[in-house]
Amino acid sequence: MENTFEVRTDLAVEEKESFPGDGGEISGVSLREWHRSDSRIKMTEVKILDEKGSKAMGKPIGTYITLEADQLSLKDEDYHREVSEELSAQISKLLEGKDFRKPDFHVLVAGLGNSSVTPDSLGPRVLKNLQVTRHLKVQYGEDFWRGKTMPVISGIAPGVMAQTGMETAEILKGIIKETKPDLIIAIDALAARSVKRLGTTIQLTDTGIHPGSGVGNHRHSLTKESLGVPVMAIGVPTVVGAAAIVHDTVRTLIKALSENMETKGMGDFMENLNSDEQYDLIRELLEPEFGPLYVTPPDIDETVKELSFTISEGIHMTFLGQEVS
């Protein structure tokens with residue numbers, strides 16, 4: 001019987017890390033890691049090149065860029081500005097070949113998630129900080145806009161189905177039909193496998209949003225194929241599954257048991273179970289008692305608040321060429 005349980009993560013970099021070695025030997029997947037000498041941010045680019053790579057990684061073909069910034073939880077304006085600048089550079093990289101700063105280029109930013117649930121509120125909070133410009137063009141007309149160098153930016157926080165009775169994809173399709181954007185940037189809160197990545201990792205991808213991803217577990221895809229417009233997704237992990245935390249703890253426990261002569265036999269027995277079998281056992285023990293429990297940091301409110309500014313500034317730098325105070 002095929003194993004249907006996986007340690008939940010929305011991050012391509014964590015999928016890469018689950019493979020033996022450095023993950024660079026996966027067929028159909030290319031990997032590049034770098035760290036600028038003048039930067040405190042680690043960068044990883046995972047490119048899924050074909051269907052074989054897609055099947056191995058469990059993610060669609062495309063480019064996934066990860067910014068790992070372990071000091072994002074600190075109130076350091078210079079550091080957050082550095083992250084915004086790097087985020088802007090990587091957004092521009094994913095848009096290479098598109099004239100995204102021309103006056104008639106229209107960007108629709110969609111802040112996904114539930115504003116009433118803090119770990120899922122990143123998207124709506126980014127929208128609150130976003131400097132939109134489309135209303136100026138609508139209000140003052142083409143003559144006013146003709147001399148401007150900035151693109152048209154609009155935004156929407158579509159909420160969740162429990163609030164609106166509509167799928168996010170349905171709402172966006174209606175907006176796309178009326179406003180005809182050239183690009184959608186979807187901001188979403190993600191689930192990670194590792195606690196250390198909560199609030200410290202930003203993932204960009206040109207593949208859009210897919211069913212089962214995000215804290216809200218989207219039921220319909222938001223992609224170029226489904227919406228007819230290119231979709232870039234920017235996400236930050238804000239929750240980790242309880243079973244994943246226990247799984248990591250058990251791995252550490254197994255190592256300790258195996259290294260102690262008195263408990264070596266018990267450690268060896270547990271070690272003979274592969275990672276999936278260990279995780280399945282943990283889920284079977286935990287979920288009947290607690291359900292599919294997710295964990296978030298105690299300071300998540302402040303973390304999401306700071307991240308919403310950092311991401312919105314990265315978008316401003318990309319399309320408006322400046323920070324917006």
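Just so we're clear, the structure is a prediction, and the values are computed from it rather than from any experiment. Within every chain, residues take consecutive numbers counted from 1 along the sequence as written. Reporting in this predicted model follows two pLDDT cut-offs: at least 70 for local features of residues, and 80 or more for side-chain atom pairs to be given and counted; totals over whole chains, interfaces and linings ignore these cut-offs and use all residues. Working from all heavy atoms in the structure, the side-chain values ignore hydrogens and water.

### Details of the pattern of salt bridges
So, step 1. The rule for a salt bridge is simple: a side-chain nitrogen of Lys or Arg has to be within 4 Å of a carboxyl oxygen of Asp or Glu. One pass over the structure, following the stated rule, counts 8 salt bridges.
So, step 2. For E68, the salt bridge is made with R197, and the minimal N-O distance between the two is 3.2 Å. In this pair, E68 sits in strand β3 (residues 62–68) while R197 sits in the loop between β6 (183–192) and β7 (201–205), placing the two residues 129 residues apart along the sequence.
So, step 3. Burial here depends on accessible area, computed with a 1.4 Å probe over protein chains only, as a share of the maximum for the residue type. Under 20% is buried, over 50% is exposed, and the range in between is partly exposed. The class of E68 is buried, set by a relative accessible area of 16%.
So, step 4. We classify R197 as buried; its relative accessible area is 3%.
So, step 5. The salt bridge partner of E167 is R219, with a shortest N-O separation of 3.2 Å. Pair noted here: E167 is in the loop between α6 (161–164) and α7 (168–179) and R219 is in the loop between β7 and α8 (224–227), with a separation of 52 residues, a long-range link.
So, step 6. Note on E167: relative accessible area 14%, which makes it buried.
So, step 7. Through salt bridges with shared partners, a single ionic network connects R32, E45 and K93. Numbering of helices and strands starts at the N terminus; helices are DSSP runs of H or I of at least 4 residues and strands are runs of E of at least 2.

### Some thoughts on unusual backbone geometry
So, step 1. Located in the positive-phi region is K180, a residue other than glycine, with phi close to 50°.
So, step 2. Residue position: K180 is located in the loop between α7 and β6.
So, step 3. Among the residues examined, K180 registers a relative accessible area of 59% and is labelled exposed.

### Notes on the confidence of the model for the protein chain
So, step 1. Put simply, the protein chain has an average pLDDT of 83, and 79% of its residues get 70 or more.
So, step 2. pLDDT expresses how confident the predictor is about each individual residue, on a scale running from 0 to 100. A contact between two residues is defined here by any heavy atoms of the two lying within 4.5 Å. Note that pLDDT drops below 50 for residues 1–6; the model gives that stretch 6 contacts with residues more than four away or on any other chain.

### Looking at the packing of aromatic side chains
So, step 1. Working definition: rings of Phe, Tyr and Trp (its six-membered ring) pair if their centres are within 6.5 Å, and the pair is stacked with planes under 30 degrees apart, edge-to-face with planes over 60 apart, and tilted otherwise. Applying the stated criterion across every chain yields a total of 1 aromatic pair.
So, step 2. Measuring from ring centre to ring centre gives 5.7 Å for F100 and F319, while their planes differ by 80°; the resulting arrangement is edge-to-face. One end of the pair, F100, is in the loop between α3 (77–94) and β4 (106–111); the other, F319, is in helix α12 (residues 300–319), and 219 residues separate them in sequence. Accessibility assignment for this pair places F100 and F319 in one class, buried.
So, step 3. A ring is scored as having a charge over it whenever the NZ atom of a lysine or the CZ atom of an arginine sits within 6 Å of its centre and within 35 degrees of its normal. In this arrangement the basic side chain of R32 is found over the ring face of W34, its NZ or CZ atom lying 3.8 Å from the centre.

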